[in-house]
Amino acid sequence: MFLKNAWYVAAWSSEVDRDLQQILVLGEKICMYRSSDNEVVALEDACPHRKLPLSKGRIKNDGIECGYHGLTFNGQGNCIWAPGDGNIPPKAKVHAYPVHEKYDLIWIWMGNPELADTSTIIDIPNFNNPEWGVNQGKAMELNCNYLLMCDNLLDPTHVAWVHQSSFAQSATKSAALNVTQTDEGYIVHRWMMDAEPAPFYKKIVEFEGNCDRLQHYEVRYPAHALIRAVFTPAGTGGVDGTLDEKTFVMDSYNFMTPTTETQTRYYWFQLRNIRPDDQALSKMMSEDVQHAFEEDRVILNAVQQGLTEKKTATIDLSIDSGQLRFRRQLSKKIEAERELENSQEAH
Ligand code: FES
Ligand SMILES: [Fe+2]
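Residues numbered from 1 in each chain as written. Chains lettered and ligands numbered in written order. Predicted model: local features only at pLDDT ≥ 70, side-chain atom pairs only at ≥ 80, totals over all residues.

Asks: Which parts of the structure should I look at to understand the overall build of the protein chain?
Replies: Each helix and strand counted, the protein chain has five helices and 18 strands in total. Its C-alpha atoms give the protein chain principal-axis dimensions of about 80 × 50 × 35 Å. Residues classed as buried in the protein chain amount to 35% of the 347 residues present. Across the protein chain, every contact between residues at least 6 apart in sequence was considered, and the portion connecting residues at least 24 apart equals 58%. (Helix = DSSP H or I, 4+ residues; strand = E, 2+ residues; numbered from the N terminus. Buried ≥ 20, exposed ≤ 12 C-beta atoms within 10 Å, placed from the backbone. Contact = placed C-beta atoms within 7 Å.)

This is the structure we're talking about:
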């Protein structure tokens, strides 16, 4: 069960071209391509005649010609040509998904097209800021339900055990967590004071000695995360800290797209407030992050398997509070959406 009236990431912009391709979002098969004026088109990937996927057909005048009997659809999903007597059956239509390109990503709206509002796509303030550098990697395939990744991204503690060679430092094991609810989701956060920076950050920050460190783990509905890391010289951090001109900030954006109930496509990139044009730094950060996310992937795939095969009940810990509250609110939203859909169908 998924939240449908929401924007999900369908692909990196660079992944979609003039070739027809099938992508999977929330278990729905979608045919995606670019028209000659470079607009992305996303259509239900099933011809209404005999359900051959339209992605098995060919592009014709910016529409798609079915590869079996030639029914032809325009980019809005309307049939514009039919074989035989030439009459176009009124039901010869496929669903056209609203899409929008932003942040080098293709966003797709999986619910009622009338509710699709591009202004509700997540705001990323420093995306085009020339003073901020960016690094990114390919989308990753996770063999787990997307909520396991949401749990992971509301869990600052796991770095102590999963990312020992990169994001962990001694305080990540035990410092207390704070949970804040927002209109858009939850934040689990904590400051850790006067400690040696974790190995990944030690290579990057532009000051020597101990640091104060913020872990800000935020997940917004349906499954978008902002993980903000702040490293500042010891004595300048904390809730009332003054910070410092050498303060390092990294905003890690993470977008989980459920492909099925047990598979997830995971898109990510990071923005940093230092050395924006340093390509070697971007490359190193991308490689290190990719390596760390592989560590998450191994754990989450095995957790999915463990949960699927479980013979005894799971337990919850105090560290799970943010995750559990996020899941509860998301379930309520999904439930409300279904009730509304059912009541509309009933009328
Ligand atoms: S299956 Fe598409 S036209 Fe027949
Ligand atoms: Fe992780």
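Asks: What is the right way to read the environment of Thr-118 from this model?
Replies: Mapped onto the fold, Thr-118 is located in the loop between strand S10 (105-109) and strand S11 (133-136). C-alpha of Thr-118 to C-alpha of Asp-45: the two residues are 73 residues apart in sequence and 23 Å apart in space.

Asks: Help me understand the environment of Glu-295, please; the structure alone is not making it clear to me.
Replies: Residue position: Glu-295 is located in helix H4 (residues 279-309). In this structure the C-alpha to C-alpha distance between Glu-295 and Val-162, which are 133 residues apart in sequence, comes to 6.4 Å. Residues contacting Glu-295, with those up to four places away along its chain left out, are Val-162 and His-163.

Asks: Would you mind showing me how to read the domain arrangement of the protein chain here?
Replies: When the parts of a complex come together, some accessible area is lost, and that lost area is often used as the size of the interface. Each assigned domain of the protein chain is listed here: domain 1 (7-119) and domain 2 (129-332). Between the C-alpha centres of domain 1 and domain 2 there is a distance of 35 Å. On the side of domain 2, seven residues touch domain 1, which itself brings eight residues to the contact. Elements that contribute at least two residues to the side of domain 1 that touches domain 2 include exactly strand S1 (7-12) and strand S2 (21-25). Taken together, the residues of the side of domain 1 that touches domain 2 sort by class into seven nonpolar, one polar and no charged. (Domains from an automatic or database assignment. Nonpolar A, V, L, I, M, F, W, Y, C, P; charged D, E, K, R; others polar.)

Asks: For this particular structure, what's the right way to read the sheet that holds strand S8 (residues 79-81)?
Replies: Strand pairing in a sheet is mediated by backbone hydrogen bonds. Such pairs are either parallel or antiparallel. Overall, antiparallel pairing links the four strands, which are arranged S5-S6-S7-S8 in an open sheet. At either end of the open sheet lies a strand with only one pairing partner, and these are strand S5 (58-60) and S8. The pairing of strand S7 (residues 72-73) with S8 spans two bridges and is classified as antiparallel. In the sheet register, Phe-73 faces S8, and the bridge partner there is Cys-79. (Pairing = 2+ DSSP bridges.)

Asks: Is there a simple way to explain the nonpolar core in this structure?
Replies: Soluble globular proteins tend to bury their nonpolar side chains together. Of all hydrophobic cores here, the largest spans 75 residues; its most connected members are Ala-10, Met-32, Ala-42, Ile-106, Ile-108, Met-149 and Cys-150. Here this core spans two domains, since at least three of its residues come from each of domain 1 (7-119) and domain 2 (129-332). Ignoring sequence-local partners within four residues, the contact set of Ile-106 consists of Ala-10, Ala-11, Ser-13, Val-16, Val-40, Val-99 and Glu-101. (Core = buried A, V, L, I, M, F, W, Y, C linked by C-beta atoms within 7 Å.)

Asks: What's the story with H4 in this structure? I'm lost.
Replies: Every α-helical turn comprises 3.6 residues, leaving residues that sit three or four positions apart pointing alike. The terminal C-alpha atoms of H4, which comprises 31 residues, lie 45 Å apart, in line with the 45 Å expected from a rise of 1.5 Å per residue. Residues of H4 that are buried: Met-285, Val-289, Phe-293, Asp-296 and Leu-300. Contact partners of the buried residues in H4: S11, strand S12 (140-142), helix H1 (146-152), helix H2 (159-162) and strand S18 (263-272). (Expected span 1.5 Å × (residues − 1).)

Asks: Hey, could you run me through the pairing of S2 in this one?
Replies: The side chains of a regular strand alternate between the sheet's two faces. Sheet analysis places S2 next to strand S3 (residues 28-34), joined by five bridges and oriented antiparallel. Across the sheet, Ile-23 pairs through a bridge with Ile-30, a residue of S3. Between S2 and S3, which pair antiparallel and follow one another directly, the connecting turn spans two residues, one of which, Leu-26, has a positive phi of 50°.

Asks: It is not clear to me how the environment of Ala-42 should be interpreted in this structure. Could you clarify?
Replies: Along the chain, the position of Ala-42 falls in strand S4 (residues 40-44). A tally of 24 C-beta atoms within 10 Å means that Ala-42 is categorised as buried. Once the C-alpha coordinates of Ala-42 and Asp-212 are considered, the two residues, 170 residues apart in sequence, prove to be 46 Å apart. Filtering out sequence-adjacent residues up to four positions away, Ala-42 remains in contact with Ala-10, Ile-30, Met-32, Ala-96, Tyr-97, Val-99 and Ile-108.

Asks: Quick question: what am I supposed to make of unusual backbone geometry here?
Replies: Peptide bonds are, in most cases, trans, and in most cases residues other than glycine have a negative phi. With an omega dihedral of 0°, the bond running from Tyr-221 to Pro-222 counts as a cis peptide bond. Phi angles above zero are rare outside glycine, and Asp-62 is one such case at about 70°. When you line up the elements, Asp-62 lands in the loop between S5 and strand S6 (63-65). A positive phi is found at Asp-104, a non-glycine position, where the angle reads about 65°. With respect to the helices and strands, Asp-104 occurs in the loop between strand S9 (99-102) and S10. Residue Asp-104 is classed as partly exposed on the basis of its 13 C-beta neighbours within 10 Å.

Asks: Explanation requested: the sheet that holds S10 in the structure shown.
Replies: Strand order in the open sheet formed by three strands is S1-S10-S9, and the pairing between neighbours is antiparallel. The two strands at the open ends of the sheet, each matched to only one other strand, are S1 and S9. Neighbour to neighbour, the strand axes of the sheet diverge by 35° on average, direction disregarded. Inspection of the sheet shows S9 paired to S10 by four bridges, in the antiparallel sense. Residue pairing in the sheet places Lys-102 in a bridge with Leu-105 of S10. (Axes fitted to C-alpha atoms, helices over the stretch in contact; angles between N-to-C directions.)

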